[in-house]
Amino acid sequence: MPDSAAADPIIEPGRRRAVLAQLPRLHRPDGTPIRVLLVDDEETLTNLVSLALSYEGWQVGVANNGRDALAKFTAERPDVVVLDIMLPDIDGLSILRNLRGQGHATPVLFLTAKDSIDDRIIGLTAGGDDYMTKPFSLEELVARLRGLIQRAGEAVADDASQLRVGDLFLDESSYEVRRGSDPVALTTTEFELLRYFMRNPKRVLSRAQILDRVWNYDFAGKASIVDLYVSYLRKKIDAGRTPMIHTVRGVGYVIRPAE
């Protein structure tokens, strides 16, 4: 993709583009990175776009043909797909029809050299959510993807810092926690654990998931550390009140609004 690369200045390593740098970063509601599936057989393009999206903090999967794209979609369940139409095996329109036929509503942005009005109409009426032609601006591509993800309700901005589950309130910016009108003082680890629970209300979280998200490693396999810190949280959040943190035997823990 020599023309498209030339049309957009090389991204300075480790930096977001000037306009994008003024916008809050996006992540999934559970705090994990946005997942993007990039489908194109041009290595130069996939390298360039992957670099730009990685600076947004997003996780990028790459497929170089249609069969690989369908397999990776099933395995990775991305939040958004960037899809070329002209691929060496299955064309992009067929891939999209396949996904829509299975009931997947994942936003899809076509990124292709097919630039006629008829091509755009065909792509959009096939179920595409947006359409860009090569050469293209990386900054515009990222901006359009941000819009698609946010409209689909798959993203939370970093400035959306207040979490609520029932009468439990947590502010990620000020580290303020309240149950009803009562302030709750937490240690750093307790706060991170509660934040993870509140980003996933009514979802049962396994000890392994909690270890990976809160401690970032498996703590030598000692899942008992999770049980210990859950007990700490319960003493501060649930003591004398209707419980919100519940044990699901053999699985893990879940937080629900008090009934």
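How each quantity is defined
Residues numbered from 1 in each chain as written. Predicted model: local features only at pLDDT ≥ 70, side-chain atom pairs only at ≥ 80, totals over all residues. Heavy atoms only, no water. Salt bridge = Lys/Arg side-chain N within 4 Å of Asp/Glu carboxyl O. Helix = DSSP H or I, 4+ residues; strand = E, 2+ residues; numbered from the N terminus. Buried < 20%, exposed > 50% of the residue type's maximum accessible area, 1.4 Å probe, protein only. Pairing = 2+ DSSP bridges. Contact = heavy atoms within 4.5 Å. Axes fitted to C-alpha atoms, helices over the stretch in contact; angles between N-to-C directions.

## A word on the pattern of salt bridges
Working step 1: For the coordinates displayed, the defined rule picks out 17 salt bridges.
Working step 2: Note that Lys134 and Asp40 form a salt bridge whose closest N and O atoms lie 2.9 Å from each other. Placement of the pair is Lys134 in the loop between strand S6 (130-133) and helix H6 (138-151) and Asp40 in the loop between strand S2 (35-39) and helix H2 (43-54), with a sequence separation of 94 residues. A single burial state applies to Lys134 and to Asp40, both of which are buried.

## A short note on the pairing of strand S9 (residues 168-171)
Working step 1: Neither face of S9 is open: one carries Leu168 and Leu170, the other Phe169 and Asp171, and all of them are buried.
Working step 2: For strand S8 (residues 162-165) and S9, the ladder comprises four bridges, and the chain directions are antiparallel. Each bridged residue has a counterpart across the sheet, and for Gln162 the counterpart in S9 is Asp171.
Working step 3: Both S9 and strand S10 (residues 176-179) contribute to a ladder of four bridges, which runs antiparallel. Along S10, the bridge assignment pairs Asp171 with Glu176.
Working step 4: Where S9 folds back onto S10 in an antiparallel hairpin, the turn is made up of four residues, including Tyr175, whose phi is positive at roughly 60 degrees.

## Section: unusual backbone geometry
Working step 1: Cis peptide bonds are those with omega within 30 degrees of zero, and the linkage from Lys134 to Pro135 qualifies with -5 degrees.
Working step 2: Turning to its location among the elements, Pro135 is positioned in the loop between S6 and H6.
Working step 3: One non-glycine residue, Arg77, lies in positive phi territory at about 45 degrees.
Working step 4: Within the element layout of this structure, Arg77 appears in the loop between helix H3 (66-76) and strand S4 (80-83).
Working step 5: Of note in this structure, Lys202 is not a glycine but carries a positive phi near 65 degrees.

## Looking at the sheet that holds S8
The strands making up a sheet are joined through hydrogen bonds of the backbone, oriented either antiparallel or parallel.
Working step 1: Read from one edge of the open sheet, four strands run S8-S9-S10-S11, paired in antiparallel fashion. The sheet is open, and its two borders are formed by S8 and strand S11 (182-183), each paired with just one other strand.
Working step 2: Strand direction decides the pairing type here: S10 and S11, joined by two bridges, are antiparallel. Note that in S11 the partner of Arg178 across the bridge is Pro183.
Working step 3: Sheet strands touched by helix H7 (residues 188-199): S8, S9 and S10. Its angle to S9, the strand with the most contacts, is close to 115 degrees.

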